[in-house]
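# Understanding the architecture of this molecule
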Amino acid sequence: MACFANLPMISSPNPNPNPNLKASASLSQSSISTKLHFSSQFSSLSPSPLSLRCNQTLILRRFGGRAPSVSPTLVVVASANPNSLKIMISGAPASGKGTQCELITKKHDLVHIAAGDLLRAEVAAGSENGRRAKEFMEKGKLVPNEIVVMMVRDRLLQPDSQEKGWLLDGYPRSQSQATALKEFGFEPDLFILLEVPEEILVERVVGRRLDPVTGRIYHLKYSPPENEEIAARLTQRFDDTEEKVKLRLRTHHQNVEAVLSLYKDITIKVNGGVSKEEVFAQIDSALEKLVKQKKATAGPVAI
């Protein structure tokens, strides 16, 4: 049964906020976003209210490093589906994470969110976050965590992510990133970790080759080029050497252990050293179980 809460439109700062509003704020350099949880008692607050369904999220947003003198803006960001899946997946370089993301999103119709893709899209679009990120990239510096976190947060708040559910690919990569997402209220239902023996990972990475014409990735052993013409033009990434991949793996393991400390109760470790079909069967079994649990526990929301 649909339930509604009536909220007044705010036209001026209120020095004495209604005690029924329970707010939790997360501060960053670029914005403050506060989720306002509401009850049916709001129905008497205003003769011209803003009506929200009970499964919608209301964001009170202020821009800038300091609180502005103008009143904040109320924004309804999405209508969340209680049955939608919220999944994070992590894996070392060449663990097969990209392949599994394709299979997961295809079957379960989740929104695939990869931080690297978001970063490139924001830069190409010339958004505020994109312009800030580009300044660091042009100087050869890493984009600060707070910029990437805001990009991920904004994507997770989009209506399709809220309705269909999301698959967060390779993010968070550090404890600080995971903590920031928690502070914004994003909690996964499941954290999937692909585990592959190091010797297999090294073999997969060192054998990778790129076709500069088509952009396709080949592997000299597992997915060789179709003909000699393609083979002759293949190139190897500068960091796809045994020495550099082992360094990347060491960094990955250190970071993922810190992230797992926050998600240990909802983590499944999947053997990624077998065929892609077998890997997906392990993942899909866990996801199907989760879907059944959500459907079994879903019910009317009482407020």
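Residues numbered from 1 in each chain as written. Predicted model: local features only at pLDDT ≥ 70, side-chain atom pairs only at ≥ 80, totals over all residues. Heavy atoms only, no water.

## Description of the sheet that holds strand β10 (residues 190-195)
- On the basis of which strands lie adjacent, the open sheet formed by five strands has the order β8-β9-β7-β10-β13 and parallel pairing. With one partner strand each, in any of the chains shown, β8 (111-114) and β13 (267-271) form the two edges of the open sheet. Going across the sheet, the axis of each strand differs from the next one's by a mean of 20°, ignoring polarity.
- The pairing of β8 with strand β9 (residues 165-169) spans four bridges and is classified as parallel. Residue V111 lies in a different strand from β9, and its bridge partner there is W166.
- Of the strands in this sheet, β7 (85-91), β10 and β13 touch helix α9 (residues 242-263), which is tilted by about 150° from β10.
- Where helix α10 (residues 276-297) meets the sheet, its contacts fall on β7, β10 and β13, and the angle it forms with β7 comes to roughly 155°. (Pairing = 2+ DSSP bridges. Helix = DSSP H or I, 4+ residues; strand = E, 2+ residues; numbered from the N terminus. Axes fitted to C-alpha atoms, helices over the stretch in contact; angles between N-to-C directions. Contact = heavy atoms within 4.5 Å.)

## A word on the pattern of salt bridges
- Counting across every chain of the model gives 21 salt bridges.
- A salt bridge links E226 to R216, with the nearest nitrogen and oxygen atoms 2.6 Å apart. With a gap of ten residues between them, E226 in the loop between β12 (217-219) and α8 (228-233) and R216 in the loop between β11 (208-210) and β12 connect regions that are remote in the sequence. (Salt bridge = Lys/Arg side-chain N within 4 Å of Asp/Glu carboxyl O.)

## Some remarks on the packing of helix α1 (residues 97-108) against α10
- At a minimum axis separation of 10 Å, α1 and α10 run at an interaxial angle of 40°. Classified by the angle their axes make, α1 and α10 are oblique. For α1 against α10, the interelement crossing comes out right-handed. For the pair α1 and α10, contact is made by T99, Q100, L103, I104, K107 and H108 and by K276, V279, F280, I283, D284, L287, E288 and V291, respectively.
- Residues belonging to the contact of α1 with α10 are distributed by class as follows: seven nonpolar, three polar and four charged. (Parallel < 35°, antiparallel > 145°, perpendicular 65-115°, else oblique. Left-handed = near helix turned anticlockwise from the far one by under 90°. Nonpolar A, V, L, I, M, F, W, Y, C, P; charged D, E, K, R; others polar.)

## Focus on the packing of helix α2 (residues 115-125) against helix α4 (residues 145-156)
- Between α2 and α4, the shortest axis-to-axis distance is 10 Å and the interhelical angle comes to 95°. For the element pair α2 / α4, the angle class is roughly perpendicular. Of the residues in α4, those in contact with A115, L118, L119 and E122 of α2 are V148, M151, V152 and R155.
- Tallied by class, residues from the contact of α2 with α4 come to six nonpolar, no polar and two charged.

## With respect to the nonpolar core
- V152, L168, Y171 and L181 are the most contacted members of the largest nonpolar core, which has 30 residues in total.
- Of all the elements in the fold, those that place two or more residues in this core are β8, α2, α4, β9, α6 (175-183), β10 and α9.
- With seven residues, α4 is the single largest residue contributor to this core.
- Setting aside anything within four residues of it in sequence, one finds L168 in contact with I87, M88, I89, I113, V152 and L181. (Core = buried A, V, L, I, M, F, W, Y, C linked by side-chain atoms within 4.5 Å. Buried < 20%, exposed > 50% of the residue type's maximum accessible area, 1.4 Å probe, protein only.)

## Thoughts on the pairing of β9
- Within β9, five of the five residues are buried, which leaves the element mostly enclosed by the surrounding structure.
- On β9, burial covers both faces: G165, L167 and D169 on one face and W166 and L168 on the other are all buried.
- Here five bridges tie β7 to β9, and the two strands are oriented parallel to one another. Paired with L85 across the two strands is G165, which belongs to β9.

## Here's the deal with the environment of G273
- Mapping G273 onto the fold places it in the loop between β13 and α10.
- A C-alpha to C-alpha distance of 9.8 Å links G273 and E198, two positions 75 residues apart in sequence.
- If near-sequence neighbours (up to four positions away) are discounted, G273 is found in contact with E195, V196, I200 and R204.

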